[in-house]
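Listed below are the residues making up each chain.
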Protein chains: 2
Amino acid sequence: MKPSNRQILIADLPKGKLALDHFKAVISPMPVPGETEVLLRIRYIVIEPAMRAWMLGPGYRAALTAGQVMAGAALAEVIESRSAGFEPGDLVYADDAGCQEYAALPAAKLRKLPHADPITHLASVYGVAGLTAYFGLLNVGNLKPGETVVVSAAAGAVGSLAGQIAKIQGCRVIGIAGGKAKCDLLTQEFGFDAAVDYKAGNVYQALLSATQGGIDVYFDNVGGAIFEAALFNMKARGRIVACGVVSMYDVDPTTFTSSVRGVPAWFISRRLTLRGFIVSDFYAERDKALADLKGWVDSSQLKVREDIVDGLENMPSALIGLLAGDNVGKRMIKVV
Amino acid sequence: MKPSNRQILIADLPKGKLALDHFKAVISPMPVPGETEVLLRIRYIVIEPAMRAWMLGPGYRAALTAGQVMAGAALAEVIESRSAGFEPGDLVYADDAGCQEYAALPAAKLRKLPHADPITHLASVYGVAGLTAYFGLLNVGNLKPGETVVVSAAAGAVGSLAGQIAKIQGCRVIGIAGGKAKCDLLTQEFGFDAAVDYKAGNVYQALLSATQGGIDVYFDNVGGAIFEAALFNMKARGRIVACGVVSMYDVDPTTFTSSVRGVPAWFISRRLTLRGFIVSDFYAERDKALADLKGWVDSSQLKVREDIVDGLENMPSALIGLLAGDNVGKRMIKVV
């Protein structure tokens, strides 16, 4: 008997907040790889806020629809190959793996991964999260030593790495996170100079006080009111790195009216730059970035927190929790 | 008897729309230049939307207050000098001239001007307007041949030059202006490829249709709803040059709630850059810019429209009219 393939489908696209009943677990037949395809056993599914954004409509990925396997990137192992480039046992990164146990994908869509210990680092610091933090600060933010850097969602996968990379570059770093526990983690574990608890009240005032003179580089993962509070604290010639807008993903876009004040007026009087990016824009420089990241991890300058949730069946709750900010560091689902 | 000095004072700072009674004409004694100062006869006062912004509070200039001479830059002639660097007859540009007939200013605050015919070109194409258009497109917008460029307030001083410079660079250029007469001027006189009349309805749809596939560089002089309409028409990797926000100057800031949607989310999915600038940020490159501008004017590639209003007493109405968009090209007051 062929083994079967457990999958998480999208039952319904959410109109407002994402809930468990927007997903459905099913058992499907094993996929069969076609010519030039590879059969993968999925080991770790990467949980990221953007998964909720993909449900809002087409962006840098095609829109998701009800009935299809929930999209997701994963670390996976090749178990059967019809491509000369891969053989059983190879570890690969698959953007289009989907939330399931097995996937048959074109070899051209896979990237072979080097060894890493633990292999989960390939999905955190050596994956999209680490590269996003790295390229966002260094290539988009043009970080300089001595500058004041503010990072939002600072206890998250990207934010915790971005803040530490800014420290390694010789910057003063303030993190924004929700709740005292996360704020303590920022200063005590990750070495941030200060932390602002956005749940404790006026973020604008807290940043004014914590930055001691304004922000040179704001690394934004959230958008909305926190973005605005940082915007009005920017120094002249400051740079805002637009990395993600987690505050805006889990809402009903037809009733969503939030918008940002001070655009573009504040950008002129302060000569600011705002730049949005997607990590793959900088993949030509990936090797150098990975070498730098590995050096910092190996020398313990960069601490990597991972938040590993066991079991494919927990993917929906893990994503819903992530959108509410209940993770610390990189969240992923251990499938096998 | 010493000649007297006619001046336009700020009678009251406006809370909402600027009106004539916010100004007061007075006759004061002739100013007397101190040591290292120069006495100037003011010839042309530059009228610019930013004059209204200076009344809103401190920005790149100190805030204006009731009772003081209305601020304004001017072309002026030296009539008495207590500085070795200037002598009577010199033509200078004075940022801090003020709206008056005579001013005594520190020599260090003046810039000697070369000859030009007509001399008003020193306040338009060879002045702040021309340099703003030049640096905004080339240094901030990183314009490339073949790109699609949209310019707002396109019949204005900066906009009409920016659009023409984009054409000279080999771009496809669409201008946004108010009313059929200005739109006709853009395409027939200034050589724009198309014009969008923002008074005629849906600017988003009109841009979607006129740009034939989106905007690479948006040169924004207005902010507000037109900014948003352009933002949602940007191509991937597009650049927005934030030059001015004329739609936001002549309003009561305490009741002003307008803000822009799509920030920062749209910047991420489209990988956009927004950058605000002030012309003086690029003055290190002024000589090259002026040489380029002069070459284009001399070869008739760049047409310069000026809107010269005669008489100091007409400064208030000329500024109020400018804010309502009644000028074409660079407006200035001929004092003498």
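None of the values given here were measured: they were computed from a predicted structure.

Draft legend 1. Focus on the sheet that holds strand β9 (residues 172-177) of chain B. Strands sit in the order β10(A)-β9(A)-β8(A)-β11(A)-β12(A)-β13(A)-β13(B)-β12(B)-β11(B)-β8(B)-β9(B)-β10(B) across an open sheet of 12 strands; the sheet is mixed. Because the sheet does not close on itself, it has two edges, and the strands there are β10 (194-197) of chain A together with β10 (194-197) of chain B. Between one strand axis and the next, the sheet turns by 15° as a mean value, whatever way the strands run. Here four bridges tie β9(B) to β10(B), and the two strands are oriented parallel to one another. When the sheet's bridge partners are listed, B:Ile174 is paired in β10(B) with B:Ala194. Running at roughly 165° to β10(A), helix α4 (residues 180-188) of chain A makes contact with β9 (172-177) and β10 of chain A of the sheet. Those strands touched by helix α5 (residues 203-211) of chain A are β8 (148-151), β9, β10 and β11 (215-220) of chain A, and its axis lies near 160° from that of β9(A).

Draft legend 2. Highlighting the side chain of B:Glu48. All names here are of chain B. Among the structural elements, Glu48 can be located in the loop between β3 (37-46) and α1 (50-54). As a buried residue without a salt bridge, Glu48 has its nearest oppositely charged side chain in Lys330, at a separation of 5.2 Å. Setting aside residues up to four positions removed in sequence, Glu48 forms contacts with Trp54, Ala73, Leu319, Leu322 and Lys330.

Draft legend 3. Focus on the interface of chain B and chain A. Taken together, the contact between chain B and chain A spans 30 residues of the former and 30 residues of the latter. When chain B packs against chain A, close to 2,300 Å² is buried across both sides, 67% of that on carbon and sulfur atoms. Taken together, the links from chain B to chain A amount to four salt bridges. The partner of A:Asp281 in a salt bridge is B:Arg237, and the shortest N-O contact between them spans 3.2 Å. Summed over the shared surface of chain B and chain A, the result is eight residue pairs in polar contact (both at pLDDT 80 or more). Mapped onto the side of chain B that touches chain A, the elements with two or more residues apiece are β12 (234-242), α7 (265-269) and β13 (273-276) of chain B.

Draft legend 4. Quick look at the relation of the copies chain B and chain A. At an RMSD of 0.0 Å, chain B and chain A line up after a rotation of 180° and a shift of 0.0 Å along the axis. One copy is carried onto the other by what is essentially a two-fold rotation axis. Using C-alpha coordinates, one finds that chain B approaches the rotation axis most closely at B:Leu274, a distance of 2.5 Å. A share of 100% of the interface residues of chain B reappears at the interface of chain A, consistent with the copies meeting face to face through the same patch.

Cut-offs used in this document
Residues numbered from 1 in each chain as written. Chains lettered and ligands numbered in written order. Predicted model: local features only at pLDDT ≥ 70, side-chain atom pairs only at ≥ 80, totals over all residues. Heavy atoms only, no water. Pairing = 2+ DSSP bridges. Helix = DSSP H or I, 4+ residues; strand = E, 2+ residues; numbered from the N terminus. Axes fitted to C-alpha atoms, helices over the stretch in contact; angles between N-to-C directions. Contact = heavy atoms within 4.5 Å. Buried < 20%, exposed > 50% of the residue type's maximum accessible area, 1.4 Å probe, protein only. Lys, Arg positive; Asp, Glu negative; His and termini not counted. Salt bridge = Lys/Arg side-chain N within 4 Å of Asp/Glu carboxyl O. Buried area = accessible area lost by both parts, 1.4 Å probe. Polar contact = N/O pair within 3.5 Å; in protein donor to acceptor, adjacent residues only side chain to side chain. Least-squares fit on C-alpha atoms with pLDDT ≥ 70 in both.

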